[in-house]
Amino acid sequence: MIKVVRGNPTPEELAAALAVVQARAAAGAAAAPPEPTRPEWASPARLAASRRVPHPGPRAWRTTYWPS
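Residues numbered from 1 in each chain as written. Predicted model: local features only at pLDDT ≥ 70, side-chain atom pairs only at ≥ 80, totals over all residues. Heavy atoms only, no water.

Student: For this particular structure, what's the right way to read the overall build of the chain?
Tutor: In terms of helices and strands, the chain carries two helices and zero strands. Relative to its full complement of 68 residues, the chain shows a buried share of 3%. When the accessible surface of the chain is totalled, it reaches about 6,800 Å², and 63% of it is carbon and sulfur. (Helix = DSSP H or I, 4+ residues; strand = E, 2+ residues; numbered from the N terminus. Buried < 20%, exposed > 50% of the residue type's maximum accessible area, 1.4 Å probe, protein only. Areas by Shrake-Rupley, 256 points an atom, 1.4 Å probe, with all protein chains shown as cover.)

Student: Looking at this structure, I do not really get a nonpolar patch on the surface. What am I missing?
Tutor: A cluster of nonpolar side chains, namely Ile2, Val4, Leu14, Leu18 and Val21, defines an oily patch on the protein surface of about 400 Å² accessible area. Tracing the sequence through the fold places isoleucine 2 in the segment before helix H1 (11-30). (Patch = residues over 30% accessible without salt bridge, like charges linked within 9 Å, V, L, I, M, F, W, Y side chains within 5 Å. Salt bridge = Lys/Arg side-chain N within 4 Å of Asp/Glu carboxyl O.)

Encoded structure:
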């Protein structure tokens, strides 16, 4: 809400003042920093997709920590 404290502005002056306030608010919202994104190499989804699951068997424990 905007209240005129002093003076008696014409409707054109009031519309111009409101246009400036609205433009400044829109520019401030557009200049807000974007949300920080996680780097791709740190993505848990990438890590889970690249892991090989050892198949059951007598030597399955060996492949548990092999690199993908």
